[in-house]
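Per-entry structural report
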Amino acid sequence: MNTDSQNDYVAALTDLHRGLERQGPGDSDFSRHILSHLPTLPPKPRIADLGCGSGAGALLLAQYYQSPVMAVDSSSVFIEELKARAKLAAGLEHLIIPIQGDMAELDWPVGSLDLLWSEGAAYNLGFEQALKIWRPLLANSAIAVISEMSWFADDVPEPARTYWQNAYPTMGTEAENLARARRSGFSLLSTHRLPAQAWWVNYYDPLRERMRQMEITPRIQSVIRETEEEMRLFAKFSDFYGYTFYVLQAA
Ligand code: SAH
């Protein structure tokens, strides 16, 4: 893709995800379950949600810890949506620090985070690249919770393998991702697979509704077709891949 068509593609994808609670698969109860099993964070924890979208994770973290959350996303559309949501959420506005920027280019001091959260976003940098770039930001023994598309099996049926090999060539098995995490200076605390049901209820169903209602331009049409293909595959093959949440500790 040249830069223009890449920008067009991102604009269409952004348009598709406008007004949704999530821009990727996730689930609040599932997230709270993970948080409830994390080691205790220090007092006044320094928390960031990277690739926050309109803030599903950031808002949950702010509420859960009653602490400020630096919420970073490159999209001004989603950052504005996050600001509006924070205003509506009782008592959270002052805890959300929205930052429009590149999560690969953060100029924060070394060791300045106690909890790094990133849902459905690391793949934009590549999982290993994201881990390597983010590791220096973490304080000693800080925690990173990062969700990443992962293969759940070695014998993945051909249609799913072909689609994802094209869409995300470096997508790894959980064992591969674990090895990437270790190489990048993390130890593993736990992994959690997001249930397939959460993909449908919290992401694909609202996305499908949005696709029905939005104005269809040729540019949007091609992104919609691709998304429908992605949904068809997930309906058939969700036993073979999905989002794994890697709970990591700076080693
Ligand atoms: N975490 C949110 C959004 C996931 S979608 C949720 O789970 O709902 C991925 C997000 O990553 C998008 O909002 C996109 O704008 C953002 N993104 C992609 N590349 C980025 C980059 N280099 N820096 C910051 N944000 C980025």
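Presented here is an overview of the structure given in this document. (Residues numbered from 1 in each chain as written. Predicted model: local features only at pLDDT ≥ 70, side-chain atom pairs only at ≥ 80, totals over all residues. Heavy atoms only, no water.)

Looking at the overall build of the protein chain
- When you go through the protein chain residue by residue, the secondary structure sums to nine helices and eight strands.
- Rg of the C-alpha trace for the protein chain: 18 Å, near the compact-globule value of 18 Å for 251 residues, within the 12% margin.
- Considered along the principal axes of its C-alpha atoms, the protein chain spans approximately 50 × 45 × 35 Å.
- A total of 251 residues make up the protein chain; the buried ones form 52% of that total.
- Entry remark: accessible area of the protein chain is about 12100 Å², with carbon and sulfur atoms responsible for 50%.
- Between the centroid of the 22 positive side chains of the protein chain and the centroid of its 31 negative side chains there is a distance of 3 Å. (Helix = DSSP H or I, 4+ residues; strand = E, 2+ residues; numbered from the N terminus. Rg over C-alpha atoms; globule rule 2.2 N^0.38 Å. Buried < 20%, exposed > 50% of the residue type's maximum accessible area, 1.4 Å probe, protein only. Areas by Shrake-Rupley, 256 points an atom, 1.4 Å probe, with all protein chains shown as cover. Lys, Arg positive; Asp, Glu negative; His and termini not counted. Charge placed at Lys NZ, Arg CZ, Asp CG, Glu CD.)

Describing the nonpolar core
- The biggest cluster of nonpolar side chains holds 81 residues, and the ones touching the most others in it are L38, L50, L115, W134, V145 and Y241.
- Top contributing element to this core by residue count: strand β5 (residues 138-151), with nine residues.
- Those residues in contact with L38, other than ones at most four positions away along the chain, are Y65, L115, I143, V145 and V247. (Core = buried A, V, L, I, M, F, W, Y, C linked by side-chain atoms within 4.5 Å. Contact = heavy atoms within 4.5 Å.)

Section: the pairing of strand β1 (residues 47-50)
- Covered by surrounding structure in β1 are I47 and D49 together with A48 and L50, the residues of both alternating faces.
- With four bridges connecting them, β1 and strand β2 (residues 69-73) associate as parallel partners. Counted as the bridge partner of I47 is V69 from β2.
- Handedness of the β1-helix α3 (residues 56-65)-β2 crossover: right-handed.
- In this sheet, strand β4 (residues 113-118) lies alongside β1 in parallel orientation, the contact comprising three bridges. Within β4, the position partnered with D49 by the bridge is W117. (Pairing = 2+ DSSP bridges. Right-handed = clockwise from strand over helix to strand, strands pointing away.)

Quick notes on the packing of helix α6 (residues 158-167) against helix α9 (residues 218-237)
- Their axes nearest at 10 Å, the elements α6 and α9 cross at an angle of 140°. Crossing hand, α6 versus α9: left-handed. For the pair α6 and α9, contact is made by P159, A160, Y163 and W164 and by E226, E229, E230, L233 and F237, respectively. (Axes fitted to C-alpha atoms, helices over the stretch in contact; angles between N-to-C directions. Left-handed = near helix turned anticlockwise from the far one by under 90°.)

Looking at the site of the ligand
- Looking at the ligand, there are 17 residues lining it, with G51, D73, D102, M103 and E119 nearest.
- In the model, an oxygen atom of the ligand is placed 2.7 Å from a nitrogen or oxygen of the D73 side chain.
- The contact in question runs from a nitrogen atom of the ligand to an N or O atom on the backbone of M103, over 2.8 Å.
- When the ligand is considered free in solution it has 580 Å² of accessible area, and contact with the protein chains removes 88% of it.
- Here the ligand is seated within the largest pocket.
- Within the shell around the ligand, the residues separate by chemical class into four nonpolar, nine polar and four charged. (Near = heavy atom within 4 Å. Polar contact = N/O pair within 3.5 Å; in protein donor to acceptor, adjacent residues only side chain to side chain. 1 Å grid on protein atoms, 1.4 Å probe; cavity = no way out; pocket = protein on both sides within 12 Å on 5 of 7 lines; lining within 4 Å. Sits in = over half its atoms within 2 Å of the grid points. Nonpolar A, V, L, I, M, F, W, Y, C, P; charged D, E, K, R; others polar.)

Concerning the environment of L38
- Mapping L38 onto the fold places it in the loop between α2 (28-36) and β1.
- For the pair L38 and L59, spaced 21 residues apart in the sequence, the C-alpha separation amounts to 18 Å.

Some remarks on the environment of A153
- Positionally, A153 belongs in the loop between β5 and α6.
- On the basis of relative accessibility, which here comes to 19%, the residue A153 falls in the buried class.
- Distance in space between the C-alpha atoms of A153 and P195 is 16 Å, their sequence separation being 42 residues.

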